[in-house]
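Structural features, examined
For reference, the chains in residue letters:
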Amino acid sequence: MQITEHEIEGVLKTCILLGDESMQPPKHMMQGEKQKGILHIDGEDRSWNWDGLCTIEGKRYVYFDHMDIDPFDTIASKHRDKALELVTTLAGILSHQKEDFVSPLVGLFTTWRVFIVEGGRGILILPADLGDLISIYMGNDERQSGHGCYVKRGTEEGFAMIRQWAQFLYYALTGIRPYEDEVIRDAGYNEIPLEVYRKELFPDIDDKTLGFIGFILHAKEREQRDIMGNRKGYENLEWFASKASSLSWDVPKADDGELKEKARIIASTGEVQKLMEGIRRSAGRRNFWRAKGTLIIIVSIIAVLLGSVAFTIISGALEPPQTRDLGQEEIIHAFYDAQNDLDVDLMQTATKGCSAPQEVEVISLYVTTQTRSAYEGIRPLVGVDDWIEAGRPAISSTCYIYGVTDIRAIETGENTWHVDATYYSPYPYEESEEILDVPQDKVLVYVYDMDQDFTFSWNDRGWWNITQIGPVSVDLVETLYVDSYDPSSLLEDQVAEEQV
């Protein structure tokens, strides 16, 4: 974000670039009383306001009383040594403001409203209306780096800003926002671990600080809910400020672009290249299943019609097309992707001499899904990842939510893994569990903490096989009553609109 100084009527002012003067700001934003921002300096909050707009060499700027300011993203360069203090201070300020001032956008705070003042002595937070004006002039890349890249699927609304603030610290350490790379997002938001950069970029940082960042970035939904309670997202920043205030930050300043250049060099090493290759495969696999899911279901139906015996013989003679080149952790994720898509064939692709305990459940749901699809003309299955990514919307009363998400695979020994995940089911997993009454306008979803173990062996044909799968262990976390709607009412509304 470009900042300059300019004399207006003989008085030196600080100016922030908006954009080309040919683009006129909306008139309604220039009328009425201006909202006030906050200038926090030397531990004190002061009311702050901007003066107006001016034009300098064909560019439009917003101007105000002169002060030395830097964009917020300089926490990864000239203000990197104070990043923890600045980020913690910002959290503390916002946690005590009114929602109209914070004005969260999709649960997150836009960073183009924040500037570092007087060499790190304080923080300037622009009012929401000025932030909106600046965003009108922005390009998509600027909006993405100042807001969009902080979105992470599977984040509870009240926890979103806490996770965003942890991403600020990750960025300050590496010069890279953890989820800004599209491949990282497509691969399930598994960012490059901070430990990869530690030796070269921040060797003296405390383990507790790295552990704090890592915990927030990977906090499970139950852990998020335990922290956020019933408070709004910005109010939960008080929790972040309280915890972060006890951390240490032995991190030096950096020149502009220095961290990204060092990170680029680190990324060229064999260790990181191997890690990124796995991430790219994971992203490609996830995109493949999203795009090809319907086609695969059709192929599966045809295969069943041809006869299960013949299909088993043929598939056994072929090389596994999806898992042959995958590592053990990738195969585990592919296994659960297949479960979420009700694809038993893919679940079996990487196994040898064992069967998954989930197969009976998946086959039952698959048959139910296909039968209802044939009779009702819709696919009743709503994948949990898609539902969460869409913001947990209401679903048709004829549909159900199912799947495994928030998967964490931990290597426990040589070729052995323990999986910890969250499991969503339309019915109770244990027969002893109470079957609950469901209001007419709701759909019931049972949410479990789930554990499962995997053992792998390397076969003589050159790839990994799952040779042992442990039982599914579940612990009921909560029951959700998801809002639903009558699909027939939508049809009636559509007919009424067409008649009008």
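Look above for the structure.
Now for a look at the structure at hand. Computed from a predicted model, the values in this text were never measured in an experiment. (Residues numbered from 1 in each chain as written. Predicted model: local features only at pLDDT ≥ 70, side-chain atom pairs only at ≥ 80, totals over all residues. Heavy atoms only, no water.)

Some thoughts on the pairing of strand E4 (residues 44-48)
Pairing analysis gives 5 bridges linking strand E3 (residues 37-41) to E4, with the strands arranged antiparallel. Opposite His40, over in E4, you have Asp45 as the bridge partner. The antiparallel pairing of E3 with E4 creates a hairpin that spans 2 residues between the two strands, and Asp42 there sits at a positive phi of about 50°. (Pairing = 2+ DSSP bridges. Helix = DSSP H or I, 4+ residues; strand = E, 2+ residues; numbered from the N terminus.)

Comments concerning the state of the cysteines
Applying the stated criterion to the full structure yields 0 disulfides. Here Cys54 is not disulfide-linked; the sulfur of Cys15 is the nearest cysteine sulfur, at 4.3 Å. Using a relative accessible area of 12% as the deciding quantity, one classes Cys54 as buried. (Disulfide = S-S within 2.5 Å. Buried < 20%, exposed > 50% of the residue type's maximum accessible area, 1.4 Å probe, protein only.)

Topic: the sheet that holds strand E2 (residues 11-20)
Ordered in space as E1-E2-E6-E5, the 4 strands form an open sheet in which the pairing is antiparallel. A strand with exactly one partner marks an edge of an open sheet, and here the two such strands are strand E1 (3-8) and strand E5 (52-56). In this sheet, adjacent strand axes meet at a mean angle of 45° when their direction is disregarded. As paired elements, E1 and E2 share 6 bridges and run antiparallel to each other. Bridge pairing links Ile8 to Val11 in E2. Taken strand by strand, helix H3 (residues 128-137) contacts E2, E5 and strand E6 (59-65), and its axis lies near 50° from that of E2. (Axes fitted to C-alpha atoms, helices over the stretch in contact; angles between N-to-C directions. Contact = heavy atoms within 4.5 Å.)

Some words on the sheet that holds strand E7 (residues 69-71)
With antiparallel pairing, 5 strands are arranged side by side in an open sheet as E4-E3-E9-E8-E7. Because the sheet does not close on itself, it has two edges, and the strands there are E4 and E7. In this sheet, adjacent strand axes meet at a mean angle of 25° when their direction is disregarded. Against the sheet, helix H1 (residues 83-94) makes contact with E3, E4, strand E8 (114-117) and strand E9 (122-125), and its axis sits at roughly 45° relative to E9, the strand it touches most.

Here we look at the pattern of salt bridges
Pairing is possible between side chains that carry opposite charge, provided their charged atoms lie close to one another. Scanning the model with the defined rule gives 18 salt bridges in all. Glu221 is paired through a salt bridge with Arg392; the nearest N and O atoms lie 3.6 Å apart. On the criterion of sequence distance, the pair formed by Glu221 in helix H9 (residues 221-228) and Arg392 in the loop between helix H17 (384-389) and strand E11 (395-396) is long-range, its members being 171 residues apart. A salt bridge links Lys442 to Asp483; the shortest N-O distance between them is 2.3 Å. With Lys442 in strand E14 (residues 442-458) and Asp483 in strand E16 (residues 473-485), the pair connects residues that are 41 residues apart, well separated along the chain. The network of salt bridges with shared partners includes Glu156, Glu221, Arg225, Arg392 and Glu478. (Salt bridge = Lys/Arg side-chain N within 4 Å of Asp/Glu carboxyl O.)

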